[in-house]
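# Close look at the chain arrangement
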Amino acid sequence: MAKRIDVSGLTAYYGSHKAIEDISMTVEPRSVTAFIGPSGCGKSTFLRTLNRMHEVTPGGRVEGKVLLDDEDLYGTGIDPVSVRREVGMVFQRPNPFPTMSIFENVAAGLRLNGNYKKSRLNDIVEKSLRGANLWNEVKDRLNKPGSGLSGGQQQRLCIARAIAVEPKVLLMDEPCSALDPISTLAIEDLIGELKERFTIVIVTHNMQQAARVSDRTAFFNLAAVGQPGRLIEIDDTERIFSNPSVQATEDYISGRFG
Ligand SMILES: Nc1ncnc2c1ncn2[C@@H]1O[C@H](COP(=O)(O)OP(=O)(O)O)[C@@H](O)[C@H]1O
Ligand SMILES: [Mg+2]
């Protein structure tokens, strides 16, 4: 089957600091891949190389290749803005645009990408809020500020905003780490639904969460402090959590380290 994402020999720097080294992996369409590993091993950095957000950081640059449906995202003539439309991102802290209404938060990305008739915009906003399991909670207050919602609702609003532009891939960097357990379960359920339509890559420090939501799990680690992070192994989630190939993975998931 065609790979949605195909990374080869990816190394990323902040100035002269090499944060991650020589990462290669593939991701299938309509799957959930979880990134786990100790803090500082480069999970967030690697995630941001997948939609060219890494280079927004001063000194941020990469070597290697990231193919999205066989197209090199770092190829000449590729517009990073169009890459970020195809590969959306949800962050750790819900970040709705504070002065915008719920409706405008979801419509924001669409407005950047073209002229939509009001009726079409209404349809897409509703579909996106439904897709994010938020519609029933907000349909009577679409013109109220997004910042008035609870943390869990705000995160689902950010997911609605991200899916409104129909990306191929959704990147999530610890999307539940600021949420209570009930809101966390709501997001986990949502991830299970969204993978029918999108390819999802999620960073999580919560091993149970990785086991619950993902099909594949990638374990990252540092050989030593100051060394670049590396991909230790990637495999079916069930296998990573029952019978990983590498001792360091076993040590990490069983809590002997990290
Ligand atoms: N904006 C930045 N500027 C410089 N170094 C950074 C920046 N962000 C992360 N790093 C460094 O890159 C490495 C990987 O960090 P990060 O990707 O945040 O790891 P993780 O998400 O696994 O905790 C660390 O050594 C970290 O200090
Ligand atoms: Mg991180």
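Residues numbered from 1 in each chain as written. Chains lettered and ligands numbered in written order. Predicted model: local features only at pLDDT ≥ 70, side-chain atom pairs only at ≥ 80, totals over all residues. Heavy atoms only, no water.

## A word on the overall build of the protein
What counts here: Numbering goes from the N terminus for both helices and strands, where a helix is a DSSP run of H or I of at least four residues and a strand is a run of E of at least two. Each radius of gyration reported is based on C-alpha atoms, and the globular scaling rule is 2.2 Å times the count of residues to the power 0.38. Only protein chains enter the area calculation, which uses a 1.4 Å probe; residues under 20% of their type maximum are buried, those over 50% are exposed, and those in between are partly exposed. What makes two residues a contact is simply this: any of their non-hydrogen atoms within 4.5 Å. The Shrake-Rupley method, run with a 1.4 Å probe, gives the accessible areas here. Residue values count only the displayed protein chains as cover.
Within the protein, the regular secondary structure consists of 10 helices and 10 strands. Here the protein has a C-alpha radius of gyration of 18 Å; the compact-globule value for 258 residues is 18 Å, and the two agree. Each of the three principal axes of the protein carries a C-alpha extent, and together these read 55 × 45 × 35 Å. Among the 258 residues that make up the protein, the fraction classed as buried is 49%. Within the protein, counting contacts between residues at least 6 apart in sequence, those at least 24 apart form 66% of the total. Just so you have it, the protein exposes about 12100 Å², and 48% of that area is on carbon and sulfur atoms.

## Topic: the pattern of salt bridges
Note the following rule: By definition here, a salt bridge exists when the distance from a side-chain nitrogen of Lys or Arg to a carboxyl oxygen of Asp or Glu is within 4 Å.
This model, assessed by the stated rule, comprises 18 salt bridges. The salt bridge partner of K168 is D69, with a shortest N-O separation of 2.8 Å. Of this pair, K168 sits in the loop between helix 6 (151-164) and strand 7 (169-173) while D69 sits in the loop between strand 4 (60-68) and strand 5 (71-72); the two residues are 99 residues apart in sequence, bridging distant segments of the chain. In this structure D69 comes out as partly exposed when scored by relative accessible area, which is 28%. Where salt bridges share partners, they join R4, D69, E86 and K168 into one cluster.

## Some details on the pairing of strand 10 (residues 229-236)
Under the convention used in this document: When DSSP finds two or more bridges between a pair of strands, those strands are recorded as paired.
Where strand 9 (residues 216-222) meets strand 10, seven bridges bridge the pair, whose relative direction is antiparallel. The partner of F219 across the bridge, within strand 10, is E233. The turn joining strand 9 and strand 10, which pair antiparallel and follow one another in sequence, is formed by six residues; a positive phi near 90 degrees is taken by G226.

## Quick word on the site of ligand 1
The cut-off we apply is this: If even one non-hydrogen atom of a residue comes within 4 Å of a molecule or strand, that residue is called near it. Whenever two N or O atoms come within 3.5 Å, that pair is a polar contact, provided that in protein one can donate a hydrogen and the other can accept it, and provided that, for residues adjacent in sequence, both atoms are side-chain atoms.
Near ligand 1 you find Y14, H17, A19, P38, S39, G40, C41, G42, K43, S44, T45 and T57, and these make up its full shell. Between an oxygen atom of ligand 1 and a main-chain N or O atom of C41, the distance comes to 3.3 Å. The side chain of T45 places a nitrogen or oxygen atom 2.5 Å from an oxygen atom of ligand 1. Across the complex, the protein chains shield 62% of the 550 Å² of accessible surface that ligand 1 would expose by itself. At the level of secondary structure, the elements contributing two or more residues to the shell around ligand 1 comprise strand 2 (17-27) and helix 1 (43-49).

## Structural notes on the nonpolar core
Filter applied, for reference: Among buried residues, the Ala, Val, Leu, Ile, Met, Phe, Trp, Tyr and Cys ones that are joined through side-chain atoms within 4.5 Å form a nonpolar core.
Counting 42 residues, the largest nonpolar core has L129, I159, M172, I191, L194 and I200 as the members making the most contacts within it. Broken down by element, this core gets its largest block of residues, six residues, from helix 6. Not counting residues up to four positions away in its chain, the partners in contact with I200 are S31, V32, T33, L170, M172, I191, L194 and K195. Grouped together as the second largest cluster of nonpolar side chains are 27 residues, M25, M53, V66 and V203 included.

## Some details on the packing of aromatic side chains
Rules: Centres within 6.5 Å make a pair out of two Phe, Tyr or Trp rings, where for Trp the six-membered ring is used; the pair is then stacked when the planes are under 30 degrees apart, edge-to-face when over 60, and tilted otherwise. Here, a charge over a ring means that NZ of Lys or CZ of Arg falls within 6 Å of the ring centre while also lying within 35 degrees of the ring normal.
Tallied over the full model, the rule gives four aromatic pairs. A network of ring pairs unites the aromatic residues F35, F46 and F220 as a single cluster. Just above the ring of Y13 sits the side chain of R61; from NZ or CZ to the centre is 4.1 Å. The positively charged end of R161 is found above the aromatic ring belonging to F97, 4.4 Å away from the centroid.

## Brief notes about the environment of G42
Note that G42 resides in the loop between strand 3 (32-36) and helix 1. Along the sequence, G42 and K18 sit 24 residues apart, while their C-alpha atoms lie 9.9 Å from each other.

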